[in-house]
Structure formats: structure tokens, C-alpha cells
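A structural walkthrough
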Amino acid sequence: RHWSNVADGPLLTAHVVTITLGYVAGLFAAAAAGYVTVRTWLARRTATSLEFAAVRFVAVASAMAAIFLAIGFVLGAVWAKLQWGRAFTAMPVEIGAMVVIAVFGIVAVAAFKAVSARVVLSMAVAGGGAVLAAWFGAVAMQNDYPALFTVVGFGGLAVSLAAAAMS
């Protein structure tokens, strides 16, 4: 049954795929940044070569996140316009996607502009929380989902912001 829906709505399917790829790329960027941040903090010294490699990875993953999410956002808007007559409804998931696009766009620019590794990695860690809030928290807000989604979404955001501030 689900596969017939995919065949009936290739635009919506492309939207879901690109949004998912964007969020996953953002989580990869955040995970890499978090790993290096925690490792550096535990060692109490900077690991310059590790930070350099992490910033390069975070730059590419963040750019991919922003690009995939922007494409997915536009595809979703086109689909919504065709189905509902409105391209943008200001639902929490739409607002969350725009925030995540902006966050990872800024992280990618900062990384490519050679801003401090510590700053780039901290922003990427915070971006991971934005992904959790947009992907889980926003969905829980607009649907009748279990409270666990809200905890993962907004709790993850709080933890990531705290971790970013401590790094």
C-alpha cells in the first residue's frame, strides 16, 4: 500500500527523501563536532589535526544539510501549493526546517571562511539540537505523538546548546 502512494506522489516522495538526507547530514555534522569537542575537553588540550579534519568534514556535511533541506523545503512548498493551494502554512515543521537550513548554512560558511575551529564545532553541535527540535519536537507539537518525541526534540536542543556553550 505504501508503495502505491510513492508512485502517486513523486514530488512528495522527493521532498521526503531530500529532507531526510538533509537532517541526516546535519546530524552527522553535529556528531562529528560533538565527538571532537568532547574528546578535546576530556584531554584538556587541543588536538589541532583532529579539529582540522573535523572542521573540513563539518563544512561539507553542513553544506549538504543546508542544500538538501533547501531543496526539500522547496519541493514540499510546490507539493503543498498543488495539493492545498498554499505553499507555506507556517506549521512548526516548516519553521523548524527553515531554522535548520539557516543554522547549517551559517556553519558551512563559517567553516569554509576558516573561522575558529572551536566556534565552528560549537555551532555544529548546536545545529544538531536544532535538527532534533525540528525533526522530533516540531512533529510532536503538531501531531498527537507520544511525549518521548517532545523530550527527544526539545531536550536534545537544550543539551546541545549547553554542550555548545561549554565548549
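Scroll up to find the structure.
So, here is what we can say about the structure in this document. (Residues numbered from 1 in each chain as written. Predicted model: local features only at pLDDT ≥ 70, side-chain atom pairs only at ≥ 80, totals over all residues. Heavy atoms only, no water.)

With respect to the overall build of the chain
Looking only at helices and strands, the chain features six helices and zero strands. Scanning the chain from its N terminus toward the C terminus, one meets helices and strands in the order α-α-α-α-α-α. Relative to the compact-globule value of 15 Å for 167 residues, the chain shows a C-alpha radius of gyration of 17 Å, a close match. By residue count, 37% of the 167 residues in the chain fall in the buried class. Just so you have it, the chain exposes about 9,500 Å², and 73% of that area is on carbon and sulfur atoms. Of the charged side chains in the chain, 9 are positive and 4 negative, and the gap between their average positions amounts to 16 Å. (Helix = DSSP H or I, 4+ residues; strand = E, 2+ residues; numbered from the N terminus. Rg over C-alpha atoms; globule rule 2.2 N^0.38 Å. Buried < 20%, exposed > 50% of the residue type's maximum accessible area, 1.4 Å probe, protein only. Areas by Shrake-Rupley, 256 points an atom, 1.4 Å probe, with all protein chains shown as cover. Lys, Arg positive; Asp, Glu negative; His and termini not counted. Charge placed at Lys NZ, Arg CZ, Asp CG, Glu CD.)

Regarding helix α5 (residues 117-142)
Taking 1.5 Å of rise per residue, the 26 residues of α5 would be expected to cover 38 Å, and the 37 Å separating its terminal C-alpha atoms lies within 8% of that figure. A bend of about 30 degrees at Ala133 is the largest found in α5. (Expected span 1.5 Å × (residues − 1). Bend = angle between axes of the 7 residues up to and from the residue.)

Description of the environment of Ala25
Inspection of the secondary structure assignment puts Ala25 in helix α2 (residues 10-43). The spacing of Ala25 and Thr40 is 15 residues in sequence and 23 Å in space, taken between C-alpha atoms.

What to know about unusual backbone geometry
For Ala90, which is not glycine, the phi dihedral falls at a positive 60 degrees. With respect to the secondary-structure elements, Ala90 resides in the loop between α3 (48-84) and α4 (92-112). Backbone geometry places Ala114, a non-glycine residue, at a positive phi of 65 degrees. Mapped onto the secondary structure, Ala114 falls in the loop between α4 and α5. Given a relative accessible area of 66%, Ala114 falls into the exposed group.

Digging into helix α6 (residues 147-166)
Taking 1.5 Å per residue as the helical rise, α6 with its 20 residues ought to reach 28 Å, and the 28 Å between its terminal C-alpha atoms agrees with that figure. Those residues of α6 that sit buried are Gly153, Gly156, Ser160 and Ala164. On the buried face of α6, the contacting elements are α5. (Contact = heavy atoms within 4.5 Å.)

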